[in-house]
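Given next are the chains, with one letter for each unit.
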Amino acid sequence: MLTLLQTAASPFARKVRMVAIERGVPLALEEAKVDPADRNTALGAFNPLAKIPVLLTSKGAIYDSRVICRYIDAKGEGPGLYAGPDPWGILRLEALADGIMDAAVVARYELAIRPGDLVWQDWVAAQFARIEAALDGLEAGTEDLRTLHMGTIGLAAALEYLDFRHPKLRWREWRPGLAKWLEREVATNRMQSTKYPAF
Ligand code: BEZ
């Protein structure tokens, strides 16, 4: 059995759990303590960067989330989530979704963990500007969101993370197409059974 060291609030971990569901690969979940200002030495025994998610396999630990997704995908049957007529498009959307997550998590840490008088507002604004630009491109149709693949799974996890941690962004306001797309995604089993925690 594969064990995922994770935290339920991480969009990167959620993406991995969604892939496991789609590919029919069972995962045991183990909640890890995550504090950006305090390296988790127990986690560091598996990943020197001490970052989640980490996948424990019979042959050792695997990280980061992109590598874990590929690993789990390869365990499933059939063509998998990286197969399609435009494989580079799938990888590009996966990278874009990860970039949205990265910027959103950085902004979250800055706003939620830093002492208020030390928050670097320009830094936060720069993260939000990246996210807004990515969403504008997606709304304009830069990527093909019609089929299920690694890119669309990552994007769904990223967009719901914005709702979870940055509701003030109100990203849907100017992006009805993307909002409708996510509405359909949210109804799927892979999203319903991997929801972010209610805090
Ligand atoms: C969060 O609480 O938003 C979070 C936790 C771990 C990794 C990424 C995000």
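For the structure, see preceding data.
Per-chain numbering applies: the sequence of each chain, read as written, is numbered from 1 onward. Two thresholds apply to this predicted model, a pLDDT of at least 70 for residue-level local features and 80 or more for giving and counting side-chain atom pairs, whereas whole-chain, interface and lining totals are computed over all residues. Side-chain measures here rest on the full set of heavy atoms in the structure, leaving out hydrogens and waters.

## Some thoughts on the side chain of Glu-185
Position of Glu-185 relative to the elements: it lies in helix α7 (residues 176-186). Polar contacts, as counted here, are pairs of nitrogen or oxygen atoms within 3.5 Å of one another; within protein the pair requires one atom able to donate a hydrogen and one able to accept it, and residues that are adjacent in sequence qualify only if both atoms are side-chain atoms. At 3.1 Å, the side chain of Glu-185 forms a polar contact with the side chain of Arg-190. Residue contacts are defined here by distance: any two heavy atoms, one from each residue, within 4.5 Å place the two residues in contact. In this structure, Glu-185 is in contact with Ala-156, Arg-190 and Met-191, ignoring residues within four places of it in sequence. Labels follow the DSSP assignment, with helices taken as runs of H or I lasting at least four residues and strands as runs of E lasting at least two, numbered in each case from the N terminus.

## So, helix α6 (residues 150-165)
Helices are assigned an expected span. That span is 1.5 Å times one less than the residue count. When the terminal C-alpha atoms of α6 are compared, their 23 Å separation across 16 residues agrees well with the 22 Å that a helix rising 1.5 Å per residue should span. Whether a residue is buried, partly exposed or exposed follows from its accessible area with a 1.4 Å probe, protein chains only, as a fraction of its type maximum: under 20%, in between, or over 50%, in that order. Counting buried residues along α6, 15 of its 16 residues qualify, which places the element largely inside the surrounding structure.

## Regarding the nonpolar core
As used here, the term nonpolar core means buried Ala, Val, Leu, Ile, Met, Phe, Trp, Tyr and Cys residues forming a set that is joined through side-chain atoms within 4.5 Å. Core analysis: the largest hydrophobic core is formed by 52 residues, its most contacted members being Ile-72, Ile-100, Ile-131, Leu-135, Leu-155, Leu-159 and Leu-162. Among the elements of the structure, β1 (2-6), α1 (11-23), α3 (65-75), α4 (87-112), α5 (121-139), α6 and α7 are those that each provide at least two residues to this core. Sort the elements by how many residues they give to this core and α6 lands first, with ten residues. The two domains that each donate at least three residues to this core are domain 1 (2-75) and domain 2 (87-188). Those residues in contact with Leu-155 that lie beyond four places of it in its chain are Ala-97, Ile-100, Leu-138, Leu-145, Leu-178 and Trp-181. Membership of the second largest hydrophobic core comes to five residues, among which are Leu-5, Ala-32, Leu-43 and Ile-52. Domain ranges listed in this record stem from an automatic or a database domain assignment.

## Some remarks on the side chain of Ser-65
Within the secondary structure layout, Ser-65 lies in helix α3. Ser-65 gets classed as buried once you look at its relative accessible area, which sits at 4%. Only 2.9 Å separates the side chain of Ser-65 from the side chain of Lys-15, close enough to count as a polar contact. The contact partners of Ser-65, leaving out residues within four places of it in the chain, are Phe-12, Lys-15, Val-16 and Pro-53.

## Considering the site of the ligand
Nearness is defined per residue: one heavy atom within 4 Å of the molecule or strand is enough. In the vicinity of the ligand, the contacting residues are Thr-7, Ala-9, Ser-10, Val-105, Arg-108, Tyr-109, Tyr-161 and Arg-165. In this structure, an oxygen atom belonging to the ligand sits 2.5 Å away from a side-chain N or O atom of Tyr-161. Note that an oxygen atom of the ligand is positioned 2.7 Å from one of the side-chain N or O atoms of Arg-165. Exposure was quantified through the Shrake-Rupley algorithm and a 1.4 Å probe, taking into account, for residues, occlusion by the shown protein chains and nothing else. When the ligand is considered free in solution it has 260 Å² of accessible area, and contact with the protein chains removes 88% of it. At the level of secondary structure, the elements contributing two or more residues to the shell around the ligand comprise α4 and α6.

## Details of the sheet that holds strand β3 (residues 54-57)
When DSSP finds two or more bridges between a pair of strands, those strands are recorded as paired. Taken together, the four strands give an open sheet; going across it, the order is β2-β1-β3-β4, and neighbouring strands pair in mixed fashion. Edge strands, defined here as strands with exactly one partner in the open sheet, are β2 (27-31) and β4 (60-62). The sheet shows a mean angle of 25° between the axes of neighbouring strands, direction not considered. Sheet analysis places β1 next to β3, joined by three bridges and oriented antiparallel. Looking at β3, one finds that Leu-5 is bridged to Val-54. An axis is simply a line fitted to the C-alpha atoms; with a helix, the fit covers only the stretch in contact. Between two such axes, the angle follows the N-to-C directions and lies from 0 to 180 degrees.

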